[in-house]
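Architecture and fold: a report
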Amino acid sequence: MTREEYEEKRRRLEADAEDAKKAYNRARAVYDGICDELRNLRIEWQEQQRAANPTTEK
């Protein structure tokens, strides 16, 4: 491997790593948003059930 080949491959890998990091961060943000929505849905459901059945509250 020549110095030029090494530098070219290193630049490509660094660019690929940066693209992968950006994709990971976007996916993580989407995942976190979905988890927040699930938590809020669960809380909303529990509050609705408590309001509909106040005698079952402990």
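It should be noted that the structure appears before, not after, this text.
Residues numbered from 1 in each chain as written. Predicted model: local features only at pLDDT ≥ 70, side-chain atom pairs only at ≥ 80, totals over all residues. Heavy atoms only, no water.

**Concerning the overall build of the protein chain**
Tallying secondary structure elements over the protein chain gives 1 helix and 0 strands in all. Relative to a compact globule of 58 residues, whose C-alpha radius of gyration would be 10 Å, the protein chain shows 24 Å and is clearly more extended. Referenced to the eigenvectors of the C-alpha coordinate spread, the extents of the protein chain come out at roughly 80 × 15 × 10 Å. (Helix = DSSP H or I, 4+ residues; strand = E, 2+ residues; numbered from the N terminus. Rg over C-alpha atoms; globule rule 2.2 N^0.38 Å.)

**Observations concerning the pattern of salt bridges**
The full count for this structure, using the stated rule, is 6 salt bridges. For the salt bridge of arginine 10 with glutamate 14, the shortest nitrogen-to-oxygen distance reads 3.0 Å. Of this pair, arginine 10 and glutamate 14 both sit in helix H1 (residues 3–52), 4 residues apart, which is roughly one turn of that helix. Between arginine 39 and aspartate 36 there is a salt bridge, with the nearest N and O atoms lying 3.1 Å from each other. Placement of the pair is arginine 39 and aspartate 36 together in helix H1, with a separation of 3 residues, close to one helical turn. Note on arginine 39: relative accessible area 37%, which makes it partly exposed. Given a relative accessible area of 36%, aspartate 36 falls into the partly exposed group. (Salt bridge = Lys/Arg side-chain N within 4 Å of Asp/Glu carboxyl O. Buried < 20%, exposed > 50% of the residue type's maximum accessible area, 1.4 Å probe, protein only.)

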